[in-house]
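Structural overview
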Amino acid sequence: MIQEKVRFQPFSSEPIRLIDQQGRWIAPFEHGLPPDRLQRFYRDMLAARLLDEKLVILIRTGKTSFIAPHAGHEAAQVGIAHALRKGHDWLFPYYRDMGLVLALGVPLVEIFGQTLGNAADPAKGRQMPSHPGSKALNVFTVCSAIASHIPPATGAALSMKLRRTGQVAVCTFGDGATSEGDWHAGINFAAVQQAPAVFVCENNRYAISVNISKQTASENIAIKAQAYGMPGYYVDGLDVLASYFVMQEAIERARAGQGPSLVELVVHRFGAHSSADDDSRYRSREELAAERQQDPLQRYQRFLEQQGLWDAQWANELRLEISKALEAALQEALQAGEPDPLEMFDDVFAARPWHLEEQRRLVAEELQS
Ligand SMILES: Cc1ncc(C[n+]2csc(CCOP(=O)(O)OP(=O)(O)O)c2C)c(N)n1
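Residues numbered from 1 in each chain as written. Predicted model: local features only at pLDDT ≥ 70, side-chain atom pairs only at ≥ 80, totals over all residues. Heavy atoms only, no water.

Section: the domain arrangement of the protein
Per the domain assignment, the segments of the protein are domain 1 (35-338) and domain 2 (342-368). The C-alpha-based centres of domain 1 and domain 2 are spaced at 35 Å. (Domains from an automatic or database assignment.)

Given below as structure tokens:
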């Protein structure tokens with residue numbers, strides 16, 4: 001029964017943490033996870049980091065037009081991905097979740113296709129990069145407008161409840177999104193309806209240049225849940241196992257019909273907000289250097305080392321294997337070529353109305369001349 005598994009207190013004054021900076025397990029319970037699962041967390045975090053590095057190369061070499069770096073969010077994102085039932089539950093992500101969709105199993109070729117906006121993109125190159133989606137894996141396609149996906153996540157969760165599917169809708173967003181009206185409307189309605197949703201804030205304490213101190217006067221984000229009548233968990237999002245176990249508890253709670261939760265995963269944003277931002281104009285390099293000392297990968301590496309599950313050779317081989325997979329997928333995506341320009345008239349409506357037919361014909365003529 002879910003009650004027997006309850007481990008975490010909502011509204012704690014300190015972030016929930018299971019592994020300390022030195023990599024020691026500090027929780028009052030056994031993690032109980034097999035070695036291959038523990039190593040898998042590391043693998044997925046490393047893959048997320050290497051994907052981020054690859055995206056930086058793609059923007060610097062002009063092969064893509066936009067990126068939203070996710071380095072520093074890996075532990076949170078991998079924790080979320082592992083707590084979901086992949087392909088069964090639904091994920092409503094935001095633009096900084098490339099590490100999350102990768103850990104969830106969205107194929108690298110699709111990720112790069114979307115990044116290049118070419119024919120390898122299942123969404124036909126229509127959106128800007130960092131806007132993935134996957135029908136096969138129940139990943140709701142990212143929309144740029146922050147918090148606009150919160151009411152849809154609530155609606156999907158309500159549908160899951162009414163149809164008794166046993167699914168859960170997990171919805172992620174940044175700290176800036178919590179100031180949007182849609183955020184409040186969606187979360188309130190989910191609580192009123194006791195919908196099986198989990199709302200997850202990847203709090204990196206910046207919304208572009210706006211520091212969290214200018215975003216909210218609340219003690220933290222998790223505490224906002226109190227007003228809506230749902231638990232709010234304040235978690236160290238640089239700790240992959242804390243992120244995983246708290247997410248798992250919130251998801252299972254929702255699945256058992258006990259309603260939604262708000263989970264705040266406190267992370268760092270190591271990169272700029274996006275490729276259109278120069279963060280040195282609003283945060284000091286000293287602040288960033290101090291944050292980099294708390295790299296979530298290194299912390300988890302220390303934990304694995306203490307468990308006898310990490311050595312340099314294994315990690316090097318893993319790095320090589322992932323790098324090769326990234327390069328192979330990128331090459332495959334590059335070879336897909338440009339999408340058919342006439343596809344821009346498809347999917348506006350299920351069927352093309354007369355005026356889109358007309359415009360399509362004019363463009364086709366133009367292309368032929
Ligand atoms: C409704 C809306 N307003 C403004 C923007 C412009 N915008 C894009 S990202 C962003 C900051 C979001 O910050 P946060 O939610 O903290 O997420 P982070 O990027 O830090 O992960 C803003 C204001 C937008 N995309 N949508």
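Back to the text.
Regarding the nonpolar core
Counting residues in each nonpolar core, the largest one holds 72 residues, and the members touching the most others are Phe112, Val170, Val198, Leu241, Val263 and Tyr300. Non-local contacts of Val198, meaning those with residues more than four positions away in its chain, are made with Val168, Ala169, Val170, Cys171, Met247, Ala250, Ile251, Ala254, Ser261 and Val263. Residues Ala153, Cys171, Phe173 and Ala177 belong to the second largest nonpolar core, which totals 25 residues. (Core = buried A, V, L, I, M, F, W, Y, C linked by side-chain atoms within 4.5 Å. Buried < 20%, exposed > 50% of the residue type's maximum accessible area, 1.4 Å probe, protein only. Contact = heavy atoms within 4.5 Å.)

Some thoughts on the side chain of Asp20
Secondary-structure assignment places Asp20 in the loop between α1 (2-5) and α2 (35-60). Polar contacts involving the side chain of Asp20 include one to the main-chain amide nitrogen of Arg24, which spans 2.8 Å. (Helix = DSSP H or I, 4+ residues; strand = E, 2+ residues; numbered from the N terminus. Polar contact = N/O pair within 3.5 Å; in protein donor to acceptor, adjacent residues only side chain to side chain.)

Notes on the site of the ligand
In the vicinity of the ligand lie 16 residues, with Tyr94, Tyr95, Arg96, Gly176 and Tyr206 positioned nearest. Between the ligand and Ala177, the relevant distance is 3.0 Å, taken from an oxygen atom to a main-chain nitrogen or oxygen of the residue. Computed on the free molecule, the ligand has an accessible area of 590 Å², of which 73% lies beneath the protein chains in the complex. Its residues assigned to classes, the shell around the ligand comprises eight nonpolar, five polar and three charged. (Near = heavy atom within 4 Å. Areas by Shrake-Rupley, 256 points an atom, 1.4 Å probe, with all protein chains shown as cover. Nonpolar A, V, L, I, M, F, W, Y, C, P; charged D, E, K, R; others polar.)

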